[in-house]
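Overview (structure and organization)
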Amino acid sequence: QVQLVESGGGLVQSGGSLRLSCAASGIIFRLYFMGWYRQAPGKQRELVATITSGGITNYADFVKGRFTISRDNAKNTVLLQMNSLKPEDTADYYCNAVRTNALGYQNNYWGQGTQVGVSS
């Protein structure tokens, strides 16, 4: 029922750009804290960027000035605009949605990922 579907991944040259999209369904999207994470082969998943339900953003140091996270609550989507891509950005990128209710229970959902490759 709950689905997060990423799209927009692909292969680009160093310095290129990609825009990742995450379409959410089955949740009240506007209530969720959204984020993008990535995982390179053989490495642990790491946070890339987050955006609160109110639109406050936060970025990992390694993407500041290059990536922009945004959300469109009317379309139930969260975007990650990636510019000036580097080979180190090569990874599977995952969309995340999380919400903590009044009782302290946390709903946490993940997409299946979209692959980004950046050649040198």
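**What about the sheet that holds strand β3 (residues 18-25)?**
What the four strands build is an open sheet, ordered β1-β3-β8-β7; its pairing is antiparallel. Taken across any chain shown, the strands that pair with only one partner, and hence form the sheet edges, are β1 (3-7) and β7 (67-72). Direction aside, the axes of adjacent strands within the sheet are offset by 15° on average. Pairing analysis gives five bridges linking β1 to β3, with the strands arranged antiparallel. Bridging from a neighbouring strand, Leu4 pairs with Ala24 of β3.

**Examining the pairing of β7**
Burial along β7 is one-sided: the face carrying Phe67, Ile69 and Arg71 is buried and the face carrying Thr68, Ser70 and Asp72 is not. Two elements, β7 and strand β8 (residues 77-82), share six bridges in a ladder whose sense is antiparallel. Across the sheet, Ser70 pairs through a bridge with Leu79, a residue of β8. Between β7 and β8, which pair antiparallel and follow one another directly, the connecting turn spans four residues, one of which, Asn76, has a positive phi of 55°.

Thresholds, definitions, all that
Residues numbered from 1 in each chain as written. Predicted model: local features only at pLDDT ≥ 70, side-chain atom pairs only at ≥ 80, totals over all residues. Heavy atoms only, no water. Pairing = 2+ DSSP bridges. Helix = DSSP H or I, 4+ residues; strand = E, 2+ residues; numbered from the N terminus. Axes fitted to C-alpha atoms, helices over the stretch in contact; angles between N-to-C directions. Buried < 20%, exposed > 50% of the residue type's maximum accessible area, 1.4 Å probe, protein only.

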